[in-house]
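Given next are the chains, with one letter for each unit.
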Amino acid sequence: MLNVFVAGLAIGMVFAAVALMYNVMYSTSKVLSVTTGHLSMLGGVFGAYAISVLHLHWTIGLLAAVLVGAAFGWITELLGVRRILAKSDEHLWLLSTLALATIVQQLIGLWWGTEPKPFPRLIAQDFNAGLLDQKFWLPIGITLLMAVGLELFYKRTMYGKVFMAMSEDPFAARARGISTDQIRQMSYLLSGALGGLAGFAAGQLTFAYFALGLTLTLNGFIALAVGGLGSNIGALIGGIALGLLNAFVSHWFGGEYQQTMAVGLLLTVLLVKPEGLLGSRKLRPV
Amino acid sequence: MKHLNSKSTQLFLGILFCSSIPFWANDQYQIHIATLIGIYWVLVSGLNLVVGFTGQLSIGHVGLLSIGSYAFAILAGKLGFDPYLSMLVSGCLGGFCGLMLGLPSLRLPGFYFAMATMAFSLIVNELVLAQGDLTGGGIGLAGPLFPAPFESPIGFYYFVLAIATLFTWASLNIVRSMWGRALISIRDSEVAAQAMGVPIFRAKLIVFVFSGFAAGISGALFASLQSYITPDTFVFELSLFFFVCIIIGGKGSILGPFLGTVVLTALPELAAPLAKLGNLFYGILLLIVVLVIPEGIGRLADMFIQKIRPRLVKTEPMKPDLSRLAQTLVTYSDTKRGQK
């Protein structure tokens, strides 16, 4: 039973990491990008490529994962978000990020292959370490670190406060002399780097797999919507809840009903409390 | 001349052209592609009302297609019911599942709704694999043929053509009715539509159920055409394909998405390298369309036609009738003088 709990917690933390990335991008642009999960997928794939194929040290693999994630985050902002927000049509960003996500997924599928490939061990450890295996505690630790780091970043640093200002009111922020375009780009870079890091840390759990992006996009979003859009603690709670639900459902009923249960959780929460557990309600529709 | 431009005449000419395809098609394969286009169009015509007219971004219609296909294969193939009745039942089942999906998810805003429909398509695939006794699991099911006049490829093509025409006609009528206008108003501004007394949720739900019905019928035809269905057929990328057809064709148009369906289905078949890169190609096309021509290719055609043959604005120059003006002035000055 403890086994199921730890496995659920680990995968839940990966979902929570994706939810945190959604939050970082949402705070500055009010866009929920479909590419969010793909940022993590890229981290896993490029980390595995650098370590297993090119036989580089794992620190360089980590660097590669973070850099590729950040680069794709930057591309997302450049191609998928900036021009769309300039035109200010509500739905178009969904289409442009969906297109980008499809393109990157297919490119990785063509280059890396469509089979899940194993992610190398990062630290020398015996394979029968059981619950203390690094594939469980690496994603848990990294996500907790990310959450604490983001919280400190928002509360303690100048740029964090600028992010908060933009999330409150972009027009007012602009009027106070903040270059909103630049800050938005920074937030996408940051989110991409975090995504690469999370994908790298979770690689041994999820494998380096090209279709992982869509799964993470969906599950990370469910975690975010359950926890409440815009809340980092909510993202952690939602991610853990979803991961544990997934693990226990597949333990008791078999793996076939995972997705059904996840969406069941989403719809239940949205019907009872549409803004999520810790989200703030939008006051004016006009 | 005015008669030739009316919608029904254009529709009639289109049908006449489509009916002639079996007479000049080179081989069976081309008829197969034409039939496939017709089947996709049945689904896309329903989805177009949801995406293009109501502005609800459903990216999970492959789930409804899958439900229709499996319902048809089970009813007509396994249990041996009448194919026509089975097709109708699969349509109704598609509509019912659309209702069940729409009831919770249509209350959600844009991105939430898209994610809910995407999850729905994944759930359907998961359940199909889980219920192996009913659906054959990963091995799949055989889709039966339709009886006598429609069992040959050409006969089946005409059958699909008739159904596709029916759906085109229905969606044309819906769009022109008060309901259609209400849908467009929901797409353009939900709050304004609500203020004008449009029952937003009911309108969305009805049109979504209709699209579910279309998807169910389309699924039944699809199962019969492919003659064998497995869960691998109904991948999420197929959903994306339907969606891209509409976006590329242009929102708020019926001809545009139809052309989109034709081009996107036929293009990978005609150009061999594209078949392998199919999904990448759809992704790139979607990105280009969204960034460059968000109104869709249909709009581009409109602009092109305007350029070649600008719409004539009737001008009627008036020639001043000088003598009459002079006379009026004279009478006017006379009366003035008389008053003094």
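Since the structure is predicted, the reported quantities are computational estimates derived from the model, not experimental observations.

Looking only at helices and strands, chain A features 12 helices and 0 strands. Ordered by position from N to C terminus, the α and β elements of chain A give α-α-α-α-α-α-α-α-α-α-α-α. Against the 2.2 N^0.38 benchmark of 19 Å for 286 residues, chain A shows a C-alpha radius of gyration of 18 Å, consistent with a compact globule. Taking the principal axes of the C-alpha coordinates as reference, chain A spans close to 60 × 45 × 35 Å. When burial is assessed residue by residue, chain A has 54% of its 286 residues classed as buried. Within chain A, counting contacts between residues at least 6 apart in sequence, those at least 24 apart form 77% of the total. When the accessible surface of chain A is totalled, it reaches about 12600 Å², and 68% of it is carbon and sulfur. Here chain A holds 17 positive side-chain charges and 12 negative ones, and the gap between their average locations is 8 Å.

Residue and element names in this part refer to chain A. A cluster of nonpolar side chains, Trp-74, Ile-75, Leu-78, Leu-79 and Leu-189, forms an exposed patch at the surface whose accessible area comes to about 370 Å². With 4 residues, helix H3 (residues 58-87) is the single largest residue contributor to the nonpolar patch. Locating Leu-78 in the fold gives a position in helix H3.

Tallying the contact residues gives 36 residues for chain B and 39 residues for chain A. Contact between chain B and chain A buries roughly 3500 Å² in total, counting both sides, with carbon and sulfur atoms accounting for 82%. Its largest share of buried area at the contact with chain A, chain B owes to B:Phe111, B:Tyr112 and B:Leu291, together 20% of the area lost on that side. Taken together, the connections running from chain B to chain A amount to 0 salt bridges. Joining chain B to chain A, the criterion identifies 4 residue pairs in polar contact (both at pLDDT 80 or more). Those elements that provide at least two residues to the side of chain B that touches chain A are helix H5 (110-130), helix H11 (236-249) and helix H14 (278-292) of chain B. A per-element tally of the side of chain B that touches chain A places H5(B) first, with 12 residues.

Now for the nonpolar core. Counting 176 residues, the largest nonpolar core has A:Leu32, B:Met87, B:Phe111, B:Leu221 and B:Phe242 as its most contacted members. Element by element, the count of residues in this core is highest for helix H1 (residues 2-29) of chain A, at 15 residues. Beyond its immediate sequence surroundings of up to four residues, B:Leu221 is in contact with B:Ile39, B:Met87, B:Phe146, B:Phe156, B:Phe159, B:Val160 and B:Ile163.

Time to look at the environment of A:Phe200. Residues and elements named next belong to chain A. Here Phe-200 shows up in helix H8 (residues 180-201). Taking the C-alpha atoms as reference points, Phe-200 and Gly-47, 153 residues apart in sequence, are found 6.0 Å from one another. Not counting chain neighbours up to four residues away, the residues in contact with Phe-200 comprise Gly-43, Gly-44, Gly-47, Ile-51, Trp-58, Gly-61, Leu-62, Ala-65, Phe-119 and Leu-122.

Before going further, it helps to examine the pattern of salt bridges. All names here are of chain A. Applying the stated criterion across every chain, the model contains 8 salt bridges over all chains. We note a salt bridge from Arg-184 to Glu-77, for which the minimum N-O separation is 3.1 Å. Of the two residues, Arg-184 sits in helix H8 while Glu-77 sits in helix H3, which places them 107 residues apart along the sequence. The residues Arg-184 and Glu-77 share a single accessibility class, namely buried. The partner of Arg-121 in a salt bridge is Asp-133, with the nearest N and O atoms 3.2 Å apart. Pair noted here: Arg-121 is in the loop between helix H4 (92-112) and helix H5 (134-156) and Asp-133 is in the loop between H4 and H5, with a separation of 12 residues, a long-range link. Arg-121 gets classed as partly exposed once you look at its relative accessible area, which sits at 24%.

Quick look at the packing of aromatic side chains now. The final tally for this structure, using the stated rule, is 36 aromatic pairs over all chains. Pairing B:Tyr40 with B:Phe222 gives two aromatic rings, centres 6.2 Å apart and planes at 25°, and the pair type is stacked. Here B:Phe222 lies in helix H10 (residues 200-226) and B:Tyr40 lies in helix H2 (residues 28-53), a separation of 182 residues in the sequence. B:Phe222 carries the same exposure label as B:Tyr40, and that label is buried. A network of ring pairs unites the aromatic residues B:Tyr40, B:Tyr70, B:Phe222, B:Phe234, B:Phe241, B:Phe242, B:Phe281 and B:Tyr282 as a single cluster. Directly above the ring of A:Tyr26 sits A:Lys30, whose terminal nitrogen or CZ lies 5.0 Å from the centroid. Cation over ring: B:Arg107 sits above B:Phe201, and NZ or CZ is 4.3 Å from the ring centre.

Moving on to H3(A). Compared with the 44 Å implied by 1.5 Å per residue over 30 residues, the 43 Å span of H3(A) between its first and last C-alpha is a close match. Largest kink in H3(A): about 40°, centred on A:Val81. Buried residues of H3(A): A:Gly61, A:Ala65, A:Gly69, A:Ala70, A:Phe72, A:Gly73, A:Thr76, A:Glu77, A:Gly80, A:Val81 and A:Ile84, and no others. For H3(A), the secondary structure elements touched by its buried residues are H1, helix H2 (36-53), H4 and H8 of chain A together with H14 of chain B.

Our focus in this paragraph is the confidence of the model for chain B. Residues and elements named next belong to chain B. For chain B, mean pLDDT is 86; residues scoring 70 or higher make up 96% of the total. The secondary-structure element of chain B with the lowest mean pLDDT is helix H13 (residues 272-276), recorded at 68, while H10 shows the highest, at 94. Confidence estimates for the predicted assembly give a pTM of 0.85 and an ipTM of 0.86.

Residue and element names in this part refer to chain A. Summarising the element assignment, Asn-219 is placed in helix H10 (residues 212-227). Accessibility expressed as a relative area gives 4% for Asn-219, which makes it buried. Look past the residues within four positions of Asn-219 in its chain and what remains in contact with it is Phe-15, Leu-242, Gln-259 and Ala-262.

What counts, and where the lines are drawn
- Residues numbered from 1 in each chain as written.
- Chains lettered and ligands numbered in written order.
- Predicted model: local features only at pLDDT ≥ 70, side-chain atom pairs only at ≥ 80, totals over all residues.
- Heavy atoms only, no water.
- Helix = DSSP H or I, 4+ residues; strand = E, 2+ residues; numbered from the N terminus.
- Rg over C-alpha atoms; globule rule 2.2 N^0.38 Å.
- Buried < 20%, exposed > 50% of the residue type's maximum accessible area, 1.4 Å probe, protein only.
- Contact = heavy atoms within 4.5 Å.
- Areas by Shrake-Rupley, 256 points an atom, 1.4 Å probe, with all protein chains shown as cover.
- Lys, Arg positive; Asp, Glu negative; His and termini not counted.
- Charge placed at Lys NZ, Arg CZ, Asp CG, Glu CD.
- Patch = residues over 30% accessible without salt bridge, like charges linked within 9 Å, V, L, I, M, F, W, Y side chains within 5 Å.
- Salt bridge = Lys/Arg side-chain N within 4 Å of Asp/Glu carboxyl O.
- Buried area = accessible area lost by both parts, 1.4 Å probe.
- Polar contact = N/O pair within 3.5 Å; in protein donor to acceptor, adjacent residues only side chain to side chain.
- Core = buried A, V, L, I, M, F, W, Y, C linked by side-chain atoms within 4.5 Å.
- Phe/Tyr/Trp six-rings, centres within 6.5 Å; stacked < 30°, edge-to-face > 60°.
- Lys NZ or Arg CZ within 6 Å of the ring centre and 35° of its normal.
- Expected span 1.5 Å × (residues − 1).
- Bend = angle between axes of the 7 residues up to and from the residue.
- pLDDT = per-residue confidence, 0-100.

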